[in-house]
Amino acid sequence: MKKIIGWAIIIYVLYCIGIAWYLFSFADSSIPSKWKGTSADPATFLTPSEQVLSEQYSQWKNFLFFVSVPYDWLAYLAVLWLGMAKALQTWSEKATKWFVLQVAFYVFWFSIIMTVLTLPFDFISYRISWAYGVSTQSVFSWMRDEAMDFLVNTVMLFLIVVVLYGLIRRFEKRWWLYAWMVSVPFTIFFMFIQPVVIDPLYNDFYPLKDKVLEAKILALAEKAHIPSDHVFEVNMSEKTNTLNAYVTGIGSHARIVLWDTTLQRLKEKEVLFIMAHEMGHYVMKHVYWGVASYIVLTFAGLFVAGRVMNWLIRRWGEYFHLHKISALASLPMFLLVISVLNFSVSPVVNMVSRYEEHAADEYAIKLTKDPDAAISAFQKLTKAGLSEVNPPVFVKIFRYTHPTIFERMVFLEKQKYSERN
Ligand SMILES: [Zn+2]
């Protein structure tokens, strides 16, 4: 056992060194010489010091991402290997004979352990953003968000585990199918409540203060046939310098939301382009496609997870202190398998997302006919978030749900060109 743990740590450290080498020394994120001096060239809109900061900041953020994903896996494995999951199960079974209470007890302590193990990464990530001036959040406010995360995630995990393990205990073979059936209405319900119930737990939402701008946004929405009579503003400037906006809502009513940072930093024309982009998502029903593909992926994921877990327990059960899947102690294994599957399909999911984002850019240009406003909006977005214009290829594959700023700029430059001719 000690041997396995030793090897796992050695492999992890070697992996971290490899990632550091790739990100800090090997990868090239300069732009092709053909585009030097154009609006896609960061040298034309960032000061030399901003260029250096954005490169360093992105390298650190990317490094943390690639290092923390397998760290989480290692944390799940540690909880299994060291017998902590087993001990928690025994403890909760001794404490009460009621299954729901056992789950509550187990999930609460399991969440505490995982939070303690992963908190250092979260804190380092926050401090890096703060040091580079991207985050403006106070330590107190950050801790409040972390506490809220803990609460929301623990309650969600509790609900999931009650249903999931209730099913596993009753249907040893087909549980994954029934779990999937239950997850469908749950997913759809969550899509409804997240923007209205969960998001306001973290930040203040209120009607847009600038009524002239609101009228212009609503006029644009009407042009795009989007039913909406309010625009919401969310107070984010106390937490971050980055800019954002989105349109959510399923069914007959759209909810248009703008971060106050976006309003402070962008000119009216630029805000309207960003809004047109978000409206593009709404009009092309990307939320529905998102929910539908999520449901399909959950089906495949649960099926594979069931198979893999049974195999792992048959083959390595004694190392994991597990002899059957229905034991609560198998929860870290379930989360581990789901996380690995998630990471494996993320390149495909991201690719589909990048395709949709590009479609939304195209839609926005058709609606506003203003590529110049789009270019200056993206330049300001890059500046505010110290984003990388042209990230290394592995970073794009695993992290980019949007086309890179470079790709978006090249598209917009071509639009400008075709408009002139
Ligand atoms: Zn978008």
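Residues numbered from 1 in each chain as written. Predicted model: local features only at pLDDT ≥ 70, side-chain atom pairs only at ≥ 80, totals over all residues. Heavy atoms only, no water.

**Some remarks on the coordination of the zinc ion**
Then, number 1: The coordination sphere of the zinc ion, as far as protein atoms go, consists of His-277 (NE2), His-281 (NE2) and Glu-357 (OE), spread over 2.0 to 2.1 Å.
Then, number 2: Counting gaps between the donor residues of the zinc ion yields the pattern H-x3-H-x75-E. A residue pair is termed long-range when its members are at least 10 positions apart, and His-277 in helix 9 (residues 268–283) and Glu-357 in helix 11 (residues 331–368) qualify at 80 residues. The two residues His-277 and Glu-357 agree in class, both being buried. (Donors = N, O, S within 2.8 Å, 3.2 Å for Na, K, Ca; no water. Helix = DSSP H or I, 4+ residues; strand = E, 2+ residues; numbered from the N terminus. Buried < 20%, exposed > 50% of the residue type's maximum accessible area, 1.4 Å probe, protein only.)

**Concerning helix 3 (residues 84–95)**
Then, number 1: The terminal C-alpha atoms of helix 3, which comprises 12 residues, lie 16 Å apart, in line with the 16 Å expected from a rise of 1.5 Å per residue.
Then, number 2: Buried residues of helix 3: Ala-85, Leu-88, Gln-89 and Ser-92, and no others. Mapping the buried residues of helix 3 onto a view down its axis gives an arc of 100°, with all of them on the same face.
Then, number 3: Elements in contact with the buried residues of helix 3: helix 2 (48–81), helix 4 (99–131) and helix 11. (Expected span 1.5 Å × (residues − 1). Arc of directions from axis to C-beta. Contact = heavy atoms within 4.5 Å.)

**Digging into the packing of aromatic side chains**
Then, number 1: Enumeration over the complete set of coordinates arrives at 29 aromatic pairs.
Then, number 2: Seen from their ring centres, Trp-176 and Phe-299 are 5.4 Å apart, and the 70° between their planes marks the pair as edge-to-face. Taken together, the positions of Trp-176 in helix 6 (residues 175–202) and Phe-299 in helix 10 (residues 286–320) put the pair 123 residues apart, joining distant regions of the chain.
Then, number 3: Taking relative accessible area as the criterion, Trp-176 reaches 15% and is therefore assigned buried.
Then, number 4: In this structure Phe-299 comes out as partly exposed when scored by relative accessible area, which is 32%.
Then, number 5: Centroid distance Trp-180 to Phe-299: 4.9 Å. Interplanar angle 80°. Geometry classified as edge-to-face. Of this pair, Trp-180 sits in helix 6 while Phe-299 sits in helix 10, and the two are 119 residues apart along the sequence.
Then, number 6: Among the aromatic residues, those joined into a cluster by ring pairs are Phe-65, Phe-66, Trp-73, Phe-343 and Phe-398.
Then, number 7: Sitting over the face of the ring of Trp-98, Lys-97 holds its NZ or CZ atom 4.5 Å from the ring centroid.
Then, number 8: Cation over ring: Arg-127 sits above Trp-130, and NZ or CZ is 4.3 Å from the ring centre. (Phe/Tyr/Trp six-rings, centres within 6.5 Å; stacked < 30°, edge-to-face > 60°. Lys NZ or Arg CZ within 6 Å of the ring centre and 35° of its normal.)

**A look at the nonpolar core**
Then, number 1: Formed by 45 residues in total, the largest nonpolar core has its most connected members in Ile-217, Ile-256, Leu-258, Met-275 and Met-279.
Then, number 2: Sorting the residues of this core by element identifies helix 7 (211–223), strand 3 (245–248), strand 4 (255–259), helix 9, helix 11, helix 12 (371–385) and helix 14 (405–420) as the ones contributing at least two each.
Then, number 3: Looking at this core element by element, the count peaks at eight residues for helix 9.
Then, number 4: Ignoring any residue separated from it by four or fewer positions in sequence, one finds Met-275 in contact with Ile-217, Leu-220, Ala-245, Val-247, Ile-256 and Leu-258.
Then, number 5: Counting residues in hydrophobic clusters, the runner-up holds 44 residues, among them Ala-75, Leu-80, Leu-177 and Leu-336. (Core = buried A, V, L, I, M, F, W, Y, C linked by side-chain atoms within 4.5 Å.)

**Remarks on the environment of Thr-96**
Then, number 1: Examined against the element boundaries, Thr-96 turns out to sit in the loop between helix 3 and helix 4.
Then, number 2: Classification of Thr-96 as buried rests on a relative accessible area of 15%.
Then, number 3: Those residues in contact with Thr-96, other than ones at most four positions away along the chain, are Leu-101 and Gln-102.

**Examining the packing of helix 2 against helix 4**
Then, number 1: Direction vectors running N to C along helix 2 and helix 4 enclose 170°, while the axes themselves pass 10 Å from each other. The pairing of helix 2 with helix 4 is recorded here as roughly antiparallel in orientation. Taking contact as the criterion, the partners of Tyr-57, Trp-60, Lys-61, Leu-64, Val-67, Ser-68, Tyr-71, Asp-72, Ala-75, Tyr-76 and Val-79 in helix 2 are, on helix 4, Phe-110, Ile-113, Met-114, Leu-117, Thr-118, Phe-121, Ile-124, Ser-125, Ile-128 and Ser-129.
Then, number 2: Residue composition of the contact of helix 2 with helix 4, grouped by class: 15 nonpolar, four polar and two charged. (Axes fitted to C-alpha atoms, helices over the stretch in contact; angles between N-to-C directions. Parallel < 35°, antiparallel > 145°, perpendicular 65-115°, else oblique. Nonpolar A, V, L, I, M, F, W, Y, C, P; charged D, E, K, R; others polar.)

**A look at the confidence of the model for the chain**
Then, number 1: Averaged over all residues, the pLDDT of the chain equals 89, while 98% of them reach at least 70.
Then, number 2: The weakest mean pLDDT in the chain belongs to strand 3 at 80; the strongest belongs to helix 11 at 94. (pLDDT = per-residue confidence, 0-100.)

**Notes on the sheet that holds strand 1 (residues 205–207)**
Then, number 1: Taken in spatial order, the four strands of this open sheet run 1-2-4-3, and their pairing is mixed. Both outer strands of the open sheet, strand 1 and strand 3, are each paired with one neighbouring strand and no more. Averaged over all neighbouring strand pairs, the angle between strand axes comes to 30°, with direction disregarded.
Then, number 2: Where strand 1 and strand 2 (residues 231–234) come together, three bridges link them in antiparallel fashion. Counterpart to Phe-205 in the pairing with strand 2 is Val-234. (Pairing = 2+ DSSP bridges.)

**Structural notes on the side chain of Asp-145**
Then, number 1: Inspection of the secondary structure assignment puts Asp-145 in helix 5 (residues 139–170).
Then, number 2: A relative accessible area of 13% places Asp-145 in the buried class.
Then, number 3: Discounting residues that sit within four places of it in the chain, Asp-145 has contacts with Gln-137, Tyr-202 and Lys-239.

**Structural notes on the side chain of Glu-388**
Then, number 1: Checked against the element boundaries, Glu-388 lands in the loop between helix 12 and helix 13 (393–399).
Then, number 2: Buried and unpaired, Glu-388 has no salt bridge, with Arg-399 as the nearest side chain of opposite charge at 6.9 Å.
Then, number 3: Among the polar contacts made by the side chain of Glu-388, one reaches the side chain of Asn-62 at a distance of 3.3 Å.
Then, number 4: Those residues within four positions of Glu-388 in sequence are excluded, and the remaining contacts are Ser-29, Ser-58, Asn-62, Val-395, Tyr-400 and Ile-405. (Lys, Arg positive; Asp, Glu negative; His and termini not counted. Salt bridge = Lys/Arg side-chain N within 4 Å of Asp/Glu carboxyl O. Polar contact = N/O pair within 3.5 Å; in protein donor to acceptor, adjacent residues only side chain to side chain.)

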